[in-house]
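Inside the fold
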Amino acid sequence: MVQQVSAAIHRLAYRRPFTEDRRVVDRWLNTHFSAALTTGMLATGILESGSNRFDASPPELPAESFRASLTELRLESGVFLMDDERRLIAWNQTLEDLFVEVEFTATESLPSGLPSEMVQMLMGGGELIALGALELDYSFQSKDDRGRMCVWDVSSIRREFASGDSAISATLVRPVALLKADATEQGLSLSESLLVYQQFDSVDRQICEAIAMGDTTGEIATMVGLTRRSVEVRRAKILERLQFTRPVEIVRLLVRLEENGLL
């Protein structure tokens, strides 16, 4: 008997579109990059002395400040900053959440722990930005942290120094669809499950925590102030969104998230 294998595409759900995250980063760059540039020019005496800014070396960017500020944006997309030599200088927490097993540090390039196809595509886009492209939007297929093939959306934005000799780029990336060789294959990665869990409202999170504690439906209903039927409906929707079939899988998820310091 020959089993037929069919391709399946499962779209991933987010609270806001990718373009909105990009607009937030664009505004963030306009604010923080301009401020950093002005501060750097003051520090080097360019503005005070009236020196020709095109003859001066570009000011050094405050990488530590960028990292802290970038994390505060609370984006649903992973974001990283690179200089004109394509060295990683800052990134946000969402990028780490997407790749829990990868250690992100300031380095010569993207971490080797990322899937090789992803590094190749991102660095290729980074090369175009380094050559002068001000904006770049594209999609590609690559494996995620669990080895499953996904469709990823990418958007890069370039900002130049006043001299035009140096630049910084901000790149946004997030999975938008999961490609499955077998339509019956189930399951999200830990990072995907975290993204879904973060989208739950406070009541859904209370229900998840109560399930993990072993509370009955009646006990949960009393705790959250809903009817038993409402709790059952919410629990079914929680399982559906997490692509789970049994409540015990919620327990396992919360344990994994806590073990990885994500709760």
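Residues numbered from 1 in each chain as written. Predicted model: local features only at pLDDT ≥ 70, side-chain atom pairs only at ≥ 80, totals over all residues. Heavy atoms only, no water.

**Considering the overall build of the protein chain**
- Along its length, the protein chain carries ten helices and six strands.
- Evaluated residue by residue, the protein chain yields a buried proportion of 46% over its 263 residues. (Helix = DSSP H or I, 4+ residues; strand = E, 2+ residues; numbered from the N terminus. Buried < 20%, exposed > 50% of the residue type's maximum accessible area, 1.4 Å probe, protein only.)

**Digging into the pairing of strand β3 (residues 88-91)**
- Sheet analysis places strand β2 (residues 78-83) next to β3, joined by three bridges and oriented antiparallel. Each residue of the ladder has a partner; that of F80, found in β3, is W91. (Pairing = 2+ DSSP bridges.)

**Observations regarding the pattern of salt bridges**
- Within this structure, the stated rule accounts for 13 salt bridges.
- Close ionic contact of R22 with D26 constitutes a salt bridge, the shortest N to O distance being 4.0 Å. In this pair, R22 and D26 both sit in helix α1 (residues 18-43), four residues apart, roughly one turn of the helix.
- Look at R22 and you get buried, because its relative accessible area is 12%.
- D137 is paired through a salt bridge with R22; the nearest N and O atoms lie 3.8 Å apart. (Salt bridge = Lys/Arg side-chain N within 4 Å of Asp/Glu carboxyl O.)

**Regarding the nonpolar core**
- Counting residues in hydrophobic clusters, the biggest one holds 50 residues, and the most contacted among them are F80, F99, F104, L110, L122, L242 and I250.
- Those residues within four positions of L110 in sequence are excluded, and the remaining contacts are F80, M82, L88, L122 and M123.
- Residues V25, W28, L29 and L70 belong to the second largest nonpolar core, which totals 16 residues. (Core = buried A, V, L, I, M, F, W, Y, C linked by side-chain atoms within 4.5 Å. Contact = heavy atoms within 4.5 Å.)

**Some details on the packing of helix α7 (residues 202-212) against helix α8 (residues 217-224)**
- Look at α7 against α8: their axes get within 10 Å of each other, and the N-to-C directions meet at 145°. Of the two possible hands of crossing, α7 and α8 adopt the one that is right-handed. In contact with V203, Q206, I207, A210 and I211 of α7, α8 contributes I220, M223 and V224.
- Grouping the amino acids of the contact of α7 with α8 by side-chain chemistry returns seven nonpolar, one polar and no charged. (Axes fitted to C-alpha atoms, helices over the stretch in contact; angles between N-to-C directions. Left-handed = near helix turned anticlockwise from the far one by under 90°. Nonpolar A, V, L, I, M, F, W, Y, C, P; charged D, E, K, R; others polar.)

**Focus on the confidence of the model for the protein chain**
- Within the protein chain, residue pLDDT values average 79, and 79% of them lie at 70 or more.
- Per-element averaging of pLDDT across the protein chain places helix α2 (residues 46-49) at the bottom with 38 and α7 at the top with 93.
- Within the model, the stretch residues 1-7 combines pLDDT values under 50 with nine contacts to residues more than four positions away or in other chains.
- Scored below 50 in pLDDT, residues 38-59 shows 20 contacts in the model against residues more than four places distant or in partner chains. (pLDDT = per-residue confidence, 0-100.)

**A short note on the packing of α7 against helix α9 (residues 228-241)**
- Contact pair α7 / α9: the axes reach a minimum separation of 10 Å and the direction vectors enclose 85°. Classified by the angle between their axes, α7 and α9 sit roughly perpendicular to one another. Note on element contacts: α9 touches α7 through R234, R235 and I238, opposite V203, D204, I207, C208 and I211.
- Taken together, the residues of the contact of α7 with α9 break down into five nonpolar, no polar and three charged. (Parallel < 35°, antiparallel > 145°, perpendicular 65-115°, else oblique.)

**What to know about the packing of aromatic side chains**
- A full pass over the atoms with the stated rule returns four aromatic pairs.
- Between the aromatic rings of W91 and F104, the centroid separation amounts to 6.4 Å while the plane-to-plane angle is 35°, which identifies the pairing as tilted. Remark: F104 occurs in the loop between α4 (93-98) and α5 (116-130) and W91 occurs in strand β3; sequence separation between them is 13 residues.
- A relative accessible area of 11% places W91 in the buried class. (Phe/Tyr/Trp six-rings, centres within 6.5 Å; stacked < 30°, edge-to-face > 60°.)

**Examining the side chain of E192**
- Topologically, E192 is positioned in helix α6 (residues 190-198).
- Owing to a relative accessible area of 4%, E192 belongs among the buried residues under this scheme.

**Quick look at α9**
- Taking 1.5 Å of rise per residue, 14 residues should cover 20 Å, and α9 covers 20 Å from first to last C-alpha, within 8% of that figure.
- Residues V231, I238 and L239 constitute the buried set of α9. For α9, the angular spread of buried residues about the axis comes to 95°, placing them on one side. In α9, the exposed positions that point more than 90 degrees away from the buried face belong to R229, K237 and E240.
- Downstream of α9 by a residue or two, Q243 has a phi angle that is positive, lying close to 60°. (Expected span 1.5 Å × (residues − 1). Arc of directions from axis to C-beta.)

**A look at the pairing of β2**
- Taking burial as the measure, the six residues of β2 include six buried ones, the bulk of the element.
- Residues of β2 alternate between two faces, with G78, F80 and M82 on one and V79, L81 and D83 on the opposite face, all of them buried.
- Sheet topology places β2 next to strand β6 (residues 167-180); six bridges connect them, and they run antiparallel. Within the sheet, the bridge partner assigned to L81 lies in β6 and is A170.
- Connecting the antiparallel pair β2 and β3 is a turn made up of four residues, with R86 showing a positive phi of about 60°.

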